[in-house]
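Fold and geometry: a report
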Amino acid sequence: MAASAAASYKARKEAFVSNLYGSSLTEINLVTLVAAAAVFLWTALQKRYSFFTPYSPVALLADFLLNVCAILFAITLYSSAPLVLNVFLVTPAVLFVFLQTGGQSTSSSDDPVVNPSTKTPKKPTKVSPVAVNGTAASTSNAAATLPVRPFLTHYRGSMLVVTCLAILAVDFPIFPRRYAKVETWGTSIMDLGVGSFVFSAGVVSARAVVRARPNDQASPAATATTNFVRRFLQACRHSIPLLVLGLVRLYSVKGLDYAEHVTEYGVHWNFFFTLALLPPFVEISDSLTRRVFKSYETFALTLAVIYELVLNNTDLLSYILISPRGPGLLSKNREGVFSFTGYLAIFLAGRGAGMLVVRFNEPVPKVAKQSSAREVARRERQLVLRGLFVKSLIYASLYWLTTSLYTFNLTVSRRLANLPYVLWVVAFNNAQLFLFGVVEGCGPTFSYEAEDRDRVRSATSRVLAVYNSNGLVLFLIANLLTGLVNLSFNTLDMPPLQAMGLLAGYAVVVTGVALGLDKTGVKIKL
């Protein structure tokens, strides 16, 4: 009887996440907008009252409630009214930022820079002509070449928060079925989350490319080839831990008879295998980009278009969707194998966006040699945001072109990671980066110079920063906790109040682990 009940429960769980059709883009955008709205309120509190400096227990609680719990509410309690939650968050933020109060703002841009750790005035730093022009910046000045941008931290941290929350919340009835991954065709929040995880990894990978590029460009051809071999072997070594994690997940799922959705990636494939394949293929793509395409976005679009043409002009589409499963390994895991092409394109597009975001992309015009570092940072941010805005418009237009009834009439498929899916994910994430950048511009003033590091830190949410620091490790921990909860509780029949309590406790644990890793200085790169 026990075995029969367990089998019945497993079948119910698999049916719970199968044959779903997703939700509209409007609803998805409203739900995901909560993350930026929460950061906006955090930023407004910090600008007006320096609420998070010093970082007291009350500040930590407020940070957690805003940047973790608000997202949890958006995908559960407020899932039927995400616009209301956005209004609740944005309204006080607008009042704090744009309406004058009786007293002066605690961080007025006209005041001397205040060191948040000592609260003592400090003269604004001046920018050298080299840093202003951006044409001969010294590679030793890492802060000027590769600035730490709070809006990038907020973007990636929020994405990781919603990912960690959704992978457990999806197993509860309080999480709407329209937010879970679709069966084949359609859009949903979790479908977007998978692609956004890959895109954000591409964005942050640009830092390593920028650091290594001057050395490669100065090397002769023979040395460049040697460098490629060395980088490729290093990329393969980086894949090994992810491959091991994929195998551990595979054997644990099969060994524990855990419920699984076969059409998501296949019989044996999982997301860790996709992540494990990325480093070596990205290294090959990087070499092709430098020598042939000259642009990561161009290569990404070319790859996605070729894949779409193959899907629609050969038997590949029917092979992936309707052919018998097995007996070969390729047939059993065809979704995971072939969708990798789309995820590689998303990663490369993310790296292209990262090349704009992580460094001074072009000279800042019309800036006097004695301009303050904060003024230069403001103008340089405007250039970056302008580039992100243009990218968002281009990808959104291409998405409309491919999906419109009057043109190509294609449909998004995360299962295939086809061209419309790639364009949707890339357009959304460029827009998210732009939105978080606008929010940063509404907050406390600072520069990207090394001398202003304390003020940069004070403009960054501590909770989102710790999620960003150990993102992949937290994703692994969240997966382990998700499995533990599902093996310990009947999530399918859990009442809303109990489900929210369990999800809130889970959020506390994951955030606590992130804070603990940061406190001890541990930063694990897989």
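Our structure is the block above this text.
Calculation criteria
Position labels on residues start from 1 in each chain and follow its written sequence. Thresholds applied to this predicted model are a pLDDT of at least 70 for local features of residues and 80 or more for the giving and counting of side-chain atom pairs; totals over whole chains, interfaces and linings are not thresholded and use all residues. As a rule here, side-chain values come from all non-hydrogen atoms in the structure, and water together with hydrogens is ignored. Segments assigned H or I by DSSP are reported as helices when at least four residues long, segments assigned E as strands when at least two residues long, and all are numbered from the N terminus. Three labels apply to residues, based on accessible area from a 1.4 Å probe with only protein chains included: buried if under 20% of the type maximum, exposed if over 50%, partly exposed otherwise in between. Contacts: residue pairs with any heavy atoms within 4.5 Å of one another. For the accessible areas, the method is Shrake-Rupley and the probe is 1.4 Å, while residue cover comes only from the protein chains on display. In this analysis, rings of Phe, Tyr and Trp, with Trp reduced to its six-membered ring, are considered paired at centre separations within 6.5 Å, and the interplanar angle assigns stacked below 30 degrees, edge-to-face beyond 60, and tilted for intermediate values. The directions from the helix axis to the C-beta atoms form the arc being described. As used in this structure description, the phrase polar contact means that two N or O atoms lie within 3.5 Å; if the pair is within protein, one of them must be able to donate a hydrogen and the other to accept it, and residues adjacent in sequence are counted only when both atoms belong to side chains. How far a helix is expected to stretch is found by multiplying one less than its residue total by 1.5 Å. The bend at a residue is defined as the angle formed between two axes, one fitted to the seven residues ending at that residue and one fitted to the seven starting there. Lines fitted to the C-alpha atoms define the axes, with helices restricted to the stretch that makes contact. Angles between their N-to-C directions range from 0 to 180 degrees. Throughout, the term roughly parallel applies to angles under 35 degrees, roughly antiparallel to angles over 145, roughly perpendicular to angles from 65 to 115, and oblique to all others. Each residue receives one of three labels: charged for Asp, Glu, Lys and Arg, nonpolar for Ala, Val, Leu, Ile, Met, Phe, Trp, Tyr, Cys and Pro, and polar for the others, Gly being one of them.

**Digging into the overall build of the chain**
In terms of regular secondary structure, the chain is built from 21 helices and 2 strands. Expressed as a percentage of the 526 residues in the chain, the buried residues total 52%. Excluding contacts between residues fewer than 6 apart, the proportion of contacts in the chain whose partners are at least 24 apart in sequence is 81%. When the accessible area of the chain is evaluated, it comes to approximately 23,300 Å², of which 66% is carbon and sulfur surface.

**Notes on the side chain of Arg231**
With respect to the helices, strands and loops of the structure, Arg231 is situated in helix H9 (residues 221-255). Given the relative accessible area of 14%, Arg231 is considered buried.

**So, the packing of aromatic side chains**
With the rule as written, the count across this model stands at 19 aromatic pairs. With a centroid separation of 6.4 Å and an interplanar angle of 70 degrees, the aromatic rings of Phe271 and Tyr343 are classed as edge-to-face. Of the two residues, Phe271 sits in helix H11 (residues 271-293) while Tyr343 sits in helix H15 (residues 334-357), which places them 72 residues apart along the sequence. For the pair Phe271 and Tyr343, a shared accessibility class is recorded, and that class is buried. Ring plane angle 85 degrees and centroid distance 6.1 Å describe the contact between Phe271 and Phe475, whose orientation is recorded as edge-to-face. Here Phe271, found in helix H11, pairs with Phe475, found in helix H20 (residues 471-488); they are 204 residues apart in sequence, far enough to count as distant. Accessibility assignment for this pair places Phe271 and Phe475 in one class, buried.

**A closer look at the environment of Phe271**
For Phe271, a relative accessible area of 10% translates into the label buried. Note: C-alpha distance between Phe271 and Leu245 (26 residues apart in sequence) is 9.9 Å. With near-sequence residues (within four places) excluded, Phe271 lies in contact with Val194, Phe197, Val198, Tyr265 and Phe475.

**Here we look at helix H19 (residues 462-469)**
What sets the pattern is the α-helix's 3.6 residues per turn: residues three or four places apart point alike. Buried within H19 we find Val463, Leu464, Val466 and Tyr467. Viewed end-on, H19 has its buried residues packed into an arc of 160 degrees, placing them on one side of the element. Tucked into the core, H19 has its buried residues touching helix H2 (25-49), helix H3 (57-74), helix H7 (150-169), H20 and helix H21 (496-519). For H19, the N-terminal cap is Ser461; the gap from its side-chain oxygen to the backbone nitrogen of Val463 is 3.4 Å.

**A word on H11**
Given a rise of 1.5 Å per residue, 23 residues ought to cover 33 Å, yet the end C-alpha atoms of H11 are separated by just 28 Å, more than 12% below that figure. Remark: the principal bend of H11, roughly 35 degrees, maps to Pro279. The opening residue of H11, the one whose side-chain oxygen lies 3.0 Å from the backbone nitrogen of Phe272, is Asn270. One or two residues past the end of H11 sits Lys294, with phi positive at roughly 65 degrees.

**Thoughts on the packing of helix H12 (residues 296-313) against helix H17 (residues 419-441)**
Contact pair H12 / H17: the axes reach a minimum separation of 8 Å and the direction vectors enclose 150 degrees. It follows from the interaxial angle that H12 and H17 lie roughly antiparallel. Contacts from Leu301, Ala304, Val305 and Glu308 in H12 reach Leu419, Pro420, Val422 and Leu423 in H17. A per-class count over the contact of H12 with H17 returns 7 nonpolar, no polar and 1 charged.

Taken by themselves, the reported measurements are silent on function.
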